[in-house]
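Tertiary structure, described
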Amino acid sequence: MKAVPVRLDQLPLGTASRIASIDWSDLAPNEARRLRELGFDHGVSIEALHRGAMKGPLACRVGRMIVAVRRAVAAAVIVEPA
Amino acid sequence: MNPAPLVALVGNPNAGKSALFNALTGARQKVGNYPGVTVERKVGRMSLDDGRPLELVDLPGTYSLDPASPDEQVTRDVLFGRQAGERTPSALVVVVDATNLDNHLRFVLQLIALGLPTVVALNMIDMAVRDGLEIDTARLSAELGVPVVPTVAVRKRGLDELRVALGRAVGGGGKPAFASGEPGEITKLQREARRIAAAVTVQQSPGNAWTQRLDSVALHPVIGPILLAALMFVMFQAVFSWSQAPIEWLANAQSWLSDTAVRTLPGGFVRSLLVEGVINGVGSVVAFLPQILILFAFILVLEASGYMVRAAFLMDRLMSGVGLSGRAFIPLLSSFACAIPGIMATRTIDDQRDRLTTILIAPLMTCSARLPVYAVVIGAFIPARRVLPGVGLQGLVLFCLYIAGIMGAMGAAAVLRRTVARGGGGGFMLELPKYQMPAWRDVAIGLWQRARIFMRRAGTVILAVTAALWLLTSYPQVPEGSGLKQSDYSIAGRIASVIEPIVRPVGFNHDMALAIIPTMAAREVAVSSLQTIYSINAGDDEKVGQQRLAERLRGAWSLPTALAFLAWFVFAPQCLSTIAVIRRETNGWFWPSFTLAYLFSLAWIAAGITFWTATALGL
C-alpha cells in the first residue's frame, strides 16, 4: 500500500497516523488558534477514534490528548500513515 | 499586619486544578466575582508548615494567555497585576496533567516566561503510572528551571511537598512580583514542550485503555445517545423518588415547629405572621432542598467523572442544527440546576453570537427552582400510578416538562440564530479528558456550596417575599359576614385583579394571578404563596399547615388549569436574579428586556394551548 495523505475526516478509525500539514487558511482565526492550543501541529501523531452519528463531530487522539472537532475543521487537517 | 501573600493557581482545564484547590484549602473558600466581568473568583486560605498563612486564588482554567475569552483575560490581567479587585500574586502554582505533558507543558513555558516565582504541580501522577508513563521529575525540573512536585490532588498526595516548595517560592517577605516577560508564540512553545515531554518521559505505552474502552460505548453513534437519554431519565426519576424520605422528615420538622409556635406564643399578629408567613412559607420551599441537592449531585458527579464533555460531544450534532455548538450543552445542563451559574458558564463560549443565544435560551432549561412548583402541582393532580415497571406517571410528567423546556429552547435558538443573533458560528472544539472516579470530597464541597446558596436565598429573599405577601394578603381584613374571600379583598388581591384579565383566557383564576406576582423574586415562592393564599382562605378555625397544600389545590383548580399552570412555569421568566445576570453579562438593558418580553409571550401561548387543548379533550 502506498502512503497517500488523506484528510482527517476521511481517515478510517483506529489508524495510527501523523499530521502531514494543516490548511490554516481554511480555518477561521479563532478555530486556528484553538487547534494550535490543543496541540495540532505537523508531525504530531494522530488517530481517529469515534465519529458522531449523522456527520456529528469527530473524536481523535492528538499526541496523548483526546480532542473533539467538527468534520469541517477535521477536513483542514491532512494526515499520513505513521 | 501585612496581608497573607497571594498565590495564584493556574493551569489548563482538566488538569485537576479545582481538586488541588479543594485539597489545599479545604472548605475555607470564598466564591465571588471579579468586578465588572462575570468571571468567578475563588479564594481560600491555607497555611504553610511553619504556620505562615497564604491566600490561594484559583484562576480560571485556560489553554493559553491569548486573551480570547473573558476567562483568559482575567487570568492574564491577574498575572500582570492589572486586574481590578485582585492583589498581585507573589507566586504561581502551575497545575499540569502528568498524562498530558506534551500539551500542558506549553502553557507552563508560557507562564514561566513571565518571570514570577513558579512551582509546577505535576498532578494526576497516579494516572500517568497507570498509563505506563514514567516521568523523570528531576530532569523536568532542570529543563524548566523551576521546582516540580508530583501530586495526586484527589487523593491528597504530594501536598506537604508542594507546601514546602511554595514556602521557598514565596520567600521571607512574599513581595508581590509583576510579570515582566511576554508569552511566546504558540507553535514554537508547543514544539519546545513536546521536546521536553519526550526527554523526561522515561517509558511510554499507548494511551489510556480504560478511557478508550468506555468511550467506545459512551461515544458510540447509536449506543451513546441512548445511554445519555437513559442517564438523564434516571437522573430525573431519582430526583423524585430518592427525595421522598428526607422531604417527609423536613415536613415533620416544619409541623413540629409551627405546633410549638402555636402552643407557646399568644395568638395575634406576631403568631400569625410567624406561623402562616414564615414557618409555613419558608418551610414549603426548604422542603425541596433534597431534590435540588440530588440534581446537583448528579451534575457534579457527571462533570467530575469526565462524562459531561462526552455528553457535549453527543449533543453537538443536534445543537448545530439550531445554530449552536455542543459547548452550549454544558451551560444549558447547569441551567437545569439554576440559570445563573448556567449563564455565567457561557463565558467559555468564544463566539459572541453563540454565547448570546445560549444566554437567551438558558432560562428555558428547567431550573431547580421550578421543581418545587412542579412537585406540588404534579403531586396534587397526577395520580402516583406505575405506567411501566419502575416508571411512575408522576416522574413521566416531570420528564415531559423538562422535554418541553428543552424543545422550547431549541426552537427559540433556531429562531434567534436566524434573526437577532444571525451570523458567525464558533464551531466545536473540545478536549475530552480521561474518565476518572469523582472524588467524594470535591462533590461534597460543591454540594455544600449549592446548599448554602439555596438556604441563604430561603433565609433572605424568600423569607422577605413570603412575609410581605402574607401582609399583603392579610390586610385589609375582610369585614365580618360580608361573604367576600380574604384573598380577593386584600391589597394583593386587588393587584391580582389587574393582572387577572390578562391570564384569565389561559385558565388562570384569581389566586393564581396572585401567586405569580411574588414569583418574580424567585419561582419557588409560588409554592409558599399558594400555601399562604390558601391557608388564609381556610379561615381561622381551621388549623393552618395541617391540611396539605395539595388537597387545597385539588379543591380549587380544575385539571386543565393545573396543566396550564405547569406549562406557564416551563416558559415564564420568573426570576429577577436571572434577568439581573443577563443584564450584567450582556452589558445593557436591551437583552434582559428582550428576554422578559419573549419568555412571557411564550409562557402565555403555551399555557393557553395547554388549557384550551385539555378543556377540549374534556380532562
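Since the model is a prediction, treat every value here as computed from it, not as a measurement. (Residues numbered from 1 in each chain as written. Chains lettered and ligands numbered in written order. Predicted model: local features only at pLDDT ≥ 70, side-chain atom pairs only at ≥ 80, totals over all residues. Heavy atoms only, no water.)

The next point concerns the sheet that holds strand β2 (residues 17-22) of chain A. The seven strands lie next to each other as β1(A)-β6(A)-β2(A)-β3(A)-β4(A)-β5(A)-β12(B), forming an open sheet whose pairing is antiparallel. With one partner strand each, in any of the chains shown, β1 (6-7) of chain A together with β12 (429-432) of chain B form the two edges of the open sheet. Contacts from helix α8 (residues 209-218) of chain B reach β3 (45-51) and β5 (65-69) of chain A, with the element oriented near 35° to β3 of chain A. (Pairing = 2+ DSSP bridges. Helix = DSSP H or I, 4+ residues; strand = E, 2+ residues; numbered from the N terminus. Contact = heavy atoms within 4.5 Å. Axes fitted to C-alpha atoms, helices over the stretch in contact; angles between N-to-C directions.)

Let's shift gears to the interface of chain B and chain A. Contacts between chain B and chain A engage 43 residues on the former and 32 residues on the latter. Both faces combined, the contact of chain B with chain A buries some 3,200 Å², and carbon together with sulfur accounts for 53% of it. Of all residues in chain B, Phe-313, Arg-317 and Met-429 of chain B bury the most surface against chain A, accounting for 21% of the area lost on that side. Linking chain B to chain A there are three salt bridges. Close ionic contact of Asp-41 of chain A with Arg-194 of chain B constitutes a salt bridge, the shortest N to O distance being 3.0 Å. Linking chain B to chain A there are 11 residue pairs in polar contact (both at pLDDT 80 or more). Looking at the side of chain B that touches chain A, the elements that each hand over two or more residues are α3 (101-112), α7 (186-200), α8, α13 (307-321) and β12 of chain B. Partitioning the side of chain B that touches chain A into residue classes produces 12 nonpolar, 17 polar and 14 charged. Pairing between β5 of chain A and β12 of chain B: four bridges, direction antiparallel. Looking at β12 of chain B, one finds that Val-67 of chain A is bridged to Glu-431 of chain B. (Buried area = accessible area lost by both parts, 1.4 Å probe. Salt bridge = Lys/Arg side-chain N within 4 Å of Asp/Glu carboxyl O. Polar contact = N/O pair within 3.5 Å; in protein donor to acceptor, adjacent residues only side chain to side chain. Nonpolar A, V, L, I, M, F, W, Y, C, P; charged D, E, K, R; others polar.)

In this model, chain B carries an average pLDDT of 83, and 92% of its residues clear a pLDDT of 70 or more. Taken over the whole predicted complex, pTM reads 0.78, whereas the ipTM for its chain interfaces reads 0.94. (pLDDT = per-residue confidence, 0-100.)

A few words on the packing of aromatic side chains. Residue and element names in this part refer to chain B. With the rule as written, the count across this model stands at 15 aromatic pairs over all chains. Taken together through their ring pairs, the aromatic side chains of Phe-381, Phe-508, Trp-557, Phe-565, Trp-568, Phe-569 and Phe-600 make up a single cluster. One residue, Arg-583, lies across the ring of Trp-589, its end atom 5.4 Å from the ring centre. (Phe/Tyr/Trp six-rings, centres within 6.5 Å; stacked < 30°, edge-to-face > 60°. Lys NZ or Arg CZ within 6 Å of the ring centre and 35° of its normal.)

This part covers the pattern of salt bridges. Tallied over the entire structure, the rule returns 21 salt bridges over all chains. For Asp-316 of chain B, the salt bridge identified is with Arg-70 of chain A, shortest N-O distance 2.9 Å. Taken together, the residues span two chains, with Asp-316 of chain B in helix α13 and Arg-70 of chain A in the loop between β5 and α2 (71-74). The exposure class of Asp-316 of chain B is buried, given its relative accessible area of 2%. (Buried < 20%, exposed > 50% of the residue type's maximum accessible area, 1.4 Å probe, protein only.)

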